[in-house]
Amino acid sequence: MPSPDALLVDIAAMVESERSNQMPLTVVVPGAVITGRLAPERLWHERVAEVLAASDHLKPFAALFTAPAAEGGETGPRPGRPTHLHLHVARILQGSYGLPHTGGMYRIAIADVSSWTVGDLSYSDQ
C-alpha cells in the first residue's frame with residue numbers, strides 16, 4: 001500500500017493547527033472527484049453533530065460526534081499526523097453536476113486520495 005502524500009498530510013496538519021476552514025481542495029478517490037473546503041476535524045465534528053441533532057430520527061447519532069476523544073478528554077482531532085481530510089461545503093462532481101447541490105460534509109482517508117489539487121473545481125448547472 002503506497003504511503004499517503006506527505007504534502008497533502010502537511011496541508012491537513014496546517015489546517016488542523018490553525019483551525020482554518022478556507023482551504024479549497026479537490027481530491028480524486030476511487031469512484032469520485034470531491035471538491036470543497038478543508039476544515040479542521042473538530043469543526044467538522046461540530047457541524048455534523050449540529051445537523052444530526054436537528055433531526056428527530058438522527059439525533060442519537062449526534063453524540064458520536066461530540067463524545068470525548070480517547071486521549072485528552074475533549075472532542076476533536078486525535079494526537080499525531082492527520083489520517084483523514086474533513087471537507088465541508090463539499091460536492092461530488094458527477095459529469096456537469098455537483099452533488100449535493102448545497103454541499104455536504106465528507107471525511108476522506110488521505111491514503112485513499114490518488115490525486116488532488118488546491119482549489120474548488122467549478123461545475124455547471126446548465
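For the structure, check the block above.
Quantities reported herein were computed from a predicted structural model and do not represent experimental measurements. (Residues numbered from 1 in each chain as written. Predicted model: local features only at pLDDT ≥ 70, side-chain atom pairs only at ≥ 80, totals over all residues. Heavy atoms only, no water.)

Novice: Describe the overall build of the protein, naming the residues involved and giving the relevant values.
Specialist: Check the secondary structure of the protein and you find three helices and five strands. For the protein, the N- to C-terminal ordering of α and β elements is α-β-β-α-α-β-β-β. Taken over 126 residues, the protein has a buried fraction of 34%. Put simply, 62% of the contacts in the protein that link residues at least 6 apart link residues at least 24 apart. (Helix = DSSP H or I, 4+ residues; strand = E, 2+ residues; numbered from the N terminus. Buried < 20%, exposed > 50% of the residue type's maximum accessible area, 1.4 Å probe, protein only. Contact = heavy atoms within 4.5 Å.)

Novice: So what's going on with a nonpolar patch on the surface? Which residues, and what values?
Specialist: Side chains of Leu58, Phe61 and Leu64 sit close together on the surface and give an oily, nonpolar patch of about 310 Å² of accessible area. Mapped onto the elements of the fold, Leu58 is located in the loop between α2 (41–53) and α3 (62–66). Residue Leu58 is classed as partly exposed on the basis of its relative accessible area of 39%. (Patch = residues over 30% accessible without salt bridge, like charges linked within 9 Å, V, L, I, M, F, W, Y side chains within 5 Å. Areas by Shrake-Rupley, 256 points an atom, 1.4 Å probe, with all protein chains shown as cover. Salt bridge = Lys/Arg side-chain N within 4 Å of Asp/Glu carboxyl O.)

Novice: I'd like a description of the environment of Gln22, backed by residues and values.
Specialist: Positionally, Gln22 belongs in the loop between α1 (6–18) and β1 (23–29). The sequence separation of Gln22 and Arg37 amounts to 15 residues, and the corresponding C-alpha distance is 6.0 Å. Residue contacts for Gln22: discarding those within four places in its chain leaves Arg37 and Leu38.

Novice: Please set out the side chain of His88 residue by residue, giving values where relevant.
Specialist: With respect to the helices, strands and loops of the structure, His88 is situated in strand β3 (residues 84–94). Aside from chain neighbours lying at most four places away, what touches His88 is Asn21, Gly36, Arg37, Ala39, Arg47, Gly104 and Met105.

Novice: Can you tell me about the sheet that holds strand β2 (residues 32–38), naming the residues and giving the values?
Specialist: The strand order across the open sheet formed by five strands is β4-β3-β2-β1-β5, and the pairing between neighbours is antiparallel. The open sheet is flanked by β4 (97–109) and β5 (115–118), the only strands paired with a single partner. The average angle at which neighbouring strand axes cross in this sheet is 30 degrees, direction not considered. As judged from the four bridges shared by β1 and β5, these two strands associate in the antiparallel manner. Counterpart to Leu25 in the pairing with β5 is Val118. (Pairing = 2+ DSSP bridges. Axes fitted to C-alpha atoms, helices over the stretch in contact; angles between N-to-C directions.)

Novice: Let's hear about α1: which residues, and what values?
Specialist: The terminal C-alpha atoms of α1, which comprises 13 residues, lie 18 Å apart, in line with the 18 Å expected from a rise of 1.5 Å per residue. Close packing links the buried residues of α1 with β1, β2, α2, β3 and β5. Regarding α1, its N-cap is Asp5, as a side-chain oxygen of that residue lies 2.8 Å from the backbone nitrogen of Leu7 further along. Once α1 ends, the next one or two residues include Arg19, with phi positive near 50 degrees. (Expected span 1.5 Å × (residues − 1). Polar contact = N/O pair within 3.5 Å; in protein donor to acceptor, adjacent residues only side chain to side chain.)

Novice: Which residues make up the pattern of salt bridges, and what values do they have?
Specialist: For the coordinates displayed, the defined rule picks out three salt bridges. Note that Asp120 and Arg91 form a salt bridge whose closest N and O atoms lie 3.3 Å from each other. Here Asp120 is found in the segment after β5, whereas its partner Arg91 is found in strand β3, with 29 residues between them in sequence. Given the relative accessible area of 11%, Arg91 is considered buried.

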